[in-house]
Amino acid sequence: PEVLGRLRTAHPGWELQLRECEPARAFDLLAAGDTDIVVVVATSSLPPVTDPAFDQRTLFDEPLDLLVGPDHPLVGRADVALADTAAERWICSNPGRAYHQLVTMACAGAGFTPDIAHHADEWDTGAALVSRGFGVALVPRLADVPARHETRRIRIGTPPVPIRPCLANPVSVVWAVASNTITSSSPAYFMASPSSVSIRRLGEGPRKENLPFGSPM
C-alpha cells in the first residue's frame, strides 16, 4: 500500500491494481503481460535468476524466527538452534504454498523433517494454533503476527539460520518490449509481503515510465 500511495502521488493519472498471489503465479502473470512488477519470496518453483526473460534483483534476505506458545519450554531463551525443534509438532501452510517450501527446506537444512500437525495459510490461524500449544511455527521477522494471540518469538541464532529471500522482478524483458509498459519501479516498500505482490498499471496516459530501481518516488 505504501508504494501504491507513492505512485499515485507521483502519477495521479495512473490507475493501479495490486494483486497478492503465490510466487509462481506472479511469474505467470509477468510472462502473460498481465502485470508490470512483482515482488516475491524466492522458492525453487521460480525461474532461475539467469533466465534472460526476467530481470530479477535481490532485495534482502529476511531471517525467520521460531514462534511458540507462552508456556513452551523454550520461552526465555535468547536464541535457539532450529535443530532444537526436531521433535516438535509444526504448524505450516498447505503443500504447494511458498511458506510450506520455506519451512520444509529450512528444517531439512537443520537435519530433520518437520512433523506437520496442522496446515494454516493465514497468520491469524497459525498464530492461534501456536498460542494454544498445537505446535510451533516459523515466521518472517517482519511478519505482523496478530497480537490477540499470545505467542513468543525466539530468534534462531545457531546456523543454519533460515531466511526468506525476497526478489523483485521489475520487468519481463520479452513482454516489456512487446507491450511498452512500465519497465522499472521501486519495490523496496513491500518488505512485509507475505508471499508475492504484483502491480499493474491501468488506464490512460503514456504507457512507458523508466523509474530508477530502488529510488524513492
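Please refer to the structure placed before this passage.
Procedures and definitions
- The residue count restarts for each chain, going from 1 along the sequence in the order it is written.
- Restriction of local features to residues with pLDDT of at least 70 applies here, the model being predicted, together with a cutoff of 80 or more for giving and counting side-chain atom pairs; totals for whole chains, interfaces and linings are based on all residues.
- In computing side-chain values, all of the structure's heavy atoms are included and hydrogens and water are not.
- Stacked, tilted and edge-to-face pairs are distinguished by plane angle, under 30 degrees for stacked and over 60 for edge-to-face with tilted covering the rest, among Phe, Tyr and Trp rings (Trp via its six-membered ring) whose centres lie within 6.5 Å.
- Each helix is a run of DSSP H or I of at least 4 residues and each strand a run of E of at least 2, with the numbering of both proceeding from the N terminus.
- Buried means the residue's accessible area, taken with a 1.4 Å probe over protein chains only, is under 20% of the maximum for its type, while exposed means over 50%, and partly exposed covers the values in between.
- Throughout this description, the term salt bridge denotes a Lys or Arg side-chain nitrogen within 4 Å of a carboxyl oxygen of Asp or Glu.
- The contact criterion used throughout is that any non-hydrogen atoms of two residues lie within 4.5 Å.
- Two strands are said to pair when DSSP picks up at least two bridges between them.
- With the strands pointing away from the viewer, any crossover whose connection runs clockwise from the first strand over the helix to the second is right-handed.
- Throughout, nonpolar core names a set of buried Ala, Val, Leu, Ile, Met, Phe, Trp, Tyr and Cys residues whose side chains join them through atoms within 4.5 Å.
- The arc refers to the directions leading from the helix axis to the C-beta atoms.

(A) Here's a closer look at the packing of aromatic side chains. Across all of its chains, the model carries 3 aromatic pairs by this definition. Ring centres of Trp 90 and Phe 112 lie 6.4 Å apart, and the angle between their planes is 35°; this geometry places the pair in the tilted category. Separated by 22 residues along the polypeptide, Trp 90 in strand β5 (residues 89-92) and Phe 112 in the loop between α3 (98-109) and β6 (115-119) bring together distant segments of the chain. By relative accessible area, which is 0% here, Trp 90 ends up buried. Judged by centre distance (5.3 Å) and plane angle (75°), the ring pair of Tyr 99 and Trp 123 falls under edge-to-face.

(B) Examining the pattern of salt bridges more closely. Under the counting rule described, the total for this entry stands at 8 salt bridges. Salt-bridge contacts for Asp 65 lead to Arg 153; the nearest nitrogen and oxygen are separated by 3.6 Å. Note that Asp 65 is positioned in strand β3 (residues 54-68) and Arg 153 in strand β8 (residues 152-158), a separation of 88 residues in sequence. In this structure, Arg 152 engages Glu 150 in a salt bridge whose closest nitrogen and oxygen atoms are separated by 3.3 Å. Classification of Arg 152 as partly exposed rests on a relative accessible area of 32%. A single salt-bridge network, built from bridges that share partners, covers Asp 65, Arg 141 and Arg 153.

(C) Representation of the environment of Ala 127 in the model. Looking at the element boundaries, Ala 127 is found in helix α4 (residues 123-131). Residues in contact with Ala 127, not counting those within four places in the same chain, are Leu 67, Val 145, Pro 146, His 149 and Thr 151.

(D) Inspection of α4 at higher detail. Those residues of α4 that sit buried are Gly 126, Ala 127, Ala 128, Leu 129, Val 130 and Ser 131. Buried positions along α4 lie against β3, β5, β6 and β7 (137-140). Two residues or fewer after α4 comes Gly 133, characterised by a positive phi angle close to 80°.

(E) Spatial organisation of the pairing of β6. Across 4 bridges, the pairing between β5 and β6 is parallel. Residue Ile 91 lies in a different strand from β6, and its bridge partner there is His 118. You can see the chain leave β5, run along α3 and come back into β6, and the turn it takes is right-handed.

(F) Just the nonpolar core, in detail. Counting residues in hydrophobic clusters, the biggest one holds 27 residues, and the most contacted among them are Leu 66, Leu 82, Trp 90, Val 103 and Leu 138. Put simply, the parts of the chain that give this core at least two residues each are β3, β5, α3, α4, β7 and β8. With residues near it in sequence (within four places) discarded, Leu 138 still touches Leu 64, Asp 65, Leu 66, Leu 82, Trp 90, Tyr 99, Val 103, Ala 106, Trp 123, Ile 156 and Pro 162. In this structure, Ala 26, Phe 27, Leu 30 and Phe 54 belong to the second largest nonpolar core, which totals 9 residues.

(G) Highlighting helix α2 (residues 23-32). For α2, every residue scored as buried is listed here: Pro 23, Ala 26, Phe 27, Leu 29 and Leu 30. Angularly, the buried residues of α2 cover 155° about the axis, an arc narrow enough to put them on a single face. The outward face of α2, more than 90 degrees from its buried face, is lined by the exposed residues Ala 31 and Ala 32. Where α2 terminates, the next one or two residues include Gly 33, which has phi positive at roughly 80°.

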